[in-house]
Amino acid sequence: LRGESLDRAEERLVSMCEERARMLQEQFGVTVNHVHALAILISTFHYEKFPSAIDQETFAKYTGRTSFERPLLNGVAFAQRVFHHEREMFESQQGWIMNTMKRELAPPQIEYAPVIFSQDTVSYLARIDMMSGEEDRENILRARTTGKAVLTNPFRLLGSNHLGVVLTFAVYRPDLPDDASVEQRVEATIGYLGGAFDVESLVENLLSKLAGNQDIVVNVYDVTNASEAMVLYGPPSLDDQVPLLHVSMLDFGDPFRKHEMRCRYREKP
Ligand code: WA2
């Protein structure tokens, strides 16, 4: 590439890839931390206060004004845990009926997770039972048993149809002890706070600002299942025969998932 030696070209690729992986991981980390703090905010001000100190208007205002803290999320929302026997009361109190992700009337289930608060940028989530979507449902179940940040597989997000992953934190009753058992966690779950990493557009925006961006092709993969890596960002890999390829490890904070960044030159060096 530009007549430089192969060694020099490789060195440059490694450094550009590592820089991008570090930046992405850093932005992911700060975003996850801020969503965690929001989950505690909901636990404190929605459940410790009677009546609740948060409503849709307050939630929308606060999350809108703090969105700079979550640079890779397209918005956040809160879904409340509702059992079947509470559904009728819940719907009459809210004055609306919950929908599925496919915009149908939610069929009877043991429990539901309808969105009651949403940031304006994801207002299309309002009233949707998040347990009606396979990826969101898996996240909800894993979030509440672990008490940690959990991520979905890459999939096409509602609203934008962009490729991304959903982040979920369980919201617990404020009295849950730190050393709670799995059963205690599930029992004390009152809802779920999360949002979507719109990787397709927000990572593009992040990488486009870096020097050397025109020279390399960057992919991000979910490699949780080593035999079938899933593309999360970048063009579908054309061939594995590229002479120079660098793989940088990524840690997005969900120990159940593995991600990596793969970088190569746009033209053969
Ligand atoms: N957020 C944004 N876009 C989506 C999505 C989602 N889930 N699912 C599909 N497209 C309210 O886990 C709780 C957010 C889910 C939280």
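Going by the structure above, here's the rest.
Okay, so let's go over this structure. Remember, it's a predicted structure, so these values are computed and weren't measured experimentally.

## Describing the overall build of the chain
- Across its full length, the chain holds six helices and 12 strands.
- Along the three orthogonal principal directions, the C-alpha set of the chain runs to about 70 × 35 × 35 Å.
- Nonlocal contacts in the chain, meaning residues at least 24 apart in sequence, comprise 68% of its contacts between residues at least 6 apart.
- Here the chain displays about 14,000 Å² of accessible surface, and carbon together with sulfur accounts for 52% of that area.
- Counting 28 positive and 39 negative side-chain charges, the chain places the centres of these two groups 2 Å from one another.

## Brief notes about the site of the ligand
- Taken together, A77, L125, M130, D136, F155, L157, L158, V166, T168, Y192, G194 and A196 make up the full set of residues near the ligand.
- Between the ligand and D136 there is a distance of 2.6 Å, counted from a nitrogen atom to a side-chain nitrogen or oxygen.
- Alone, the ligand offers 400 Å² of accessible surface; in the complex the protein occludes 100% of this.
- At the level of secondary structure, the elements contributing two or more residues to the shell around the ligand comprise β7 (163–172) and β8 (189–197).
- Tallying contributions element by element places β8 first for the shell around the ligand, with three residues.
- Among the residues making up the shell around the ligand, the classes are represented as nine nonpolar, two polar and one charged.

## Things to note about the environment of E11
- Relative to the elements of secondary structure, E11 occurs in helix α1 (residues 6–47).
- Assessed through its relative accessible area of 53%, E11 is described here as exposed.
- When the C-alpha positions of E11 and H246 are compared, they lie 9.9 Å apart, and in sequence the two are 235 residues distant.

## A look at the sheet that holds strand β10 (residues 230–233)
- Read from one edge of the open sheet, four strands run β10-β9-β12-β11, paired in antiparallel fashion. Strands with a single pairing partner mark the edges of an open sheet, and in this sheet they are β10 and β11 (245–250). Pairs of neighbouring strands in the sheet enclose a mean axial angle of 35 degrees, with direction left out of account.
- Looking at chain direction, β11 and strand β12 (residues 259–265) are connected through six bridges and run antiparallel.

## Some remarks on a nonpolar patch on the surface
- Together, L245, V247 and M249 make up a nonpolar patch on the protein surface, roughly 280 Å² of accessible area in all.
- Topologically, M249 is positioned in strand β11.

## Some words on helix α3 (residues 87–94)
- Among the residues making up α3, those that are buried are R87, F90 and E91. Projection of α3 onto a plane perpendicular to its axis shows the buried side chains occupying an angular sector of 95 degrees, all on one side. Facing away from the buried side of α3 by over 90 degrees, the exposed positions are E88, M89, S92 and Q93.

## Digging into the nonpolar core
- If you look at the biggest cluster of nonpolar residues, it comprises 52 residues, and the most contacted ones within it are L24, I42, F78, L193, F197 and M261.
- The biggest single contributor to this core is α1, with 13 residues.
- Contacts of M261, omitting those with residues within four sequence positions, involve C17, R20, A21, L24, V218, N219, V220, H246, V247, S248 and L250.

## Brief notes about the side chain of N74
- In this fold, N74 is placed in strand β1 (residues 73–80).
- N74 has contacts with T121, V122, Y124, L157, A196, D198 and L202, leaving out every residue within four places of it along the chain.

## A closer look at the packing of aromatic side chains
- Across all of its chains, the model carries five aromatic pairs by this definition.
- Measuring from centroid to centroid gives 3.8 Å for F28 and F197, while their planes differ by 10 degrees, and the two rings are stacked. Taken together, the residues span a long stretch of sequence, with F28 in helix α1 and F197 in strand β8 at a distance of 169 residues. Of the two residues, F28 and F197, neither departs from the other in class, the shared state being buried.
- With a centroid separation of 5.5 Å and 25 degrees between ring planes, the pair formed by F59 and F117 is classed as stacked. With F59 in helix α2 (residues 56–65) and F117 in strand β4 (residues 115–118), this residue pair connects regions lying 58 residues apart in the sequence.
- Positioned above the aromatic ring of Y172 is the side chain of R185, whose terminal nitrogen or guanidinium carbon lies 5.3 Å from the ring centre.

Thresholds applied
Residues numbered from 1 in each chain as written. Predicted model: local features only at pLDDT ≥ 70, side-chain atom pairs only at ≥ 80, totals over all residues. Heavy atoms only, no water. Helix = DSSP H or I, 4+ residues; strand = E, 2+ residues; numbered from the N terminus. Contact = heavy atoms within 4.5 Å. Areas by Shrake-Rupley, 256 points an atom, 1.4 Å probe, with all protein chains shown as cover. Lys, Arg positive; Asp, Glu negative; His and termini not counted. Charge placed at Lys NZ, Arg CZ, Asp CG, Glu CD. Near = heavy atom within 4 Å. Polar contact = N/O pair within 3.5 Å; in protein donor to acceptor, adjacent residues only side chain to side chain. Nonpolar A, V, L, I, M, F, W, Y, C, P; charged D, E, K, R; others polar. Buried < 20%, exposed > 50% of the residue type's maximum accessible area, 1.4 Å probe, protein only. Pairing = 2+ DSSP bridges. Axes fitted to C-alpha atoms, helices over the stretch in contact; angles between N-to-C directions. Patch = residues over 30% accessible without salt bridge, like charges linked within 9 Å, V, L, I, M, F, W, Y side chains within 5 Å. Salt bridge = Lys/Arg side-chain N within 4 Å of Asp/Glu carboxyl O. Arc of directions from axis to C-beta. Core = buried A, V, L, I, M, F, W, Y, C linked by side-chain atoms within 4.5 Å. Phe/Tyr/Trp six-rings, centres within 6.5 Å; stacked < 30°, edge-to-face > 60°. Lys NZ or Arg CZ within 6 Å of the ring centre and 35° of its normal.

Functional significance is not addressed by these values, which are geometric in nature.
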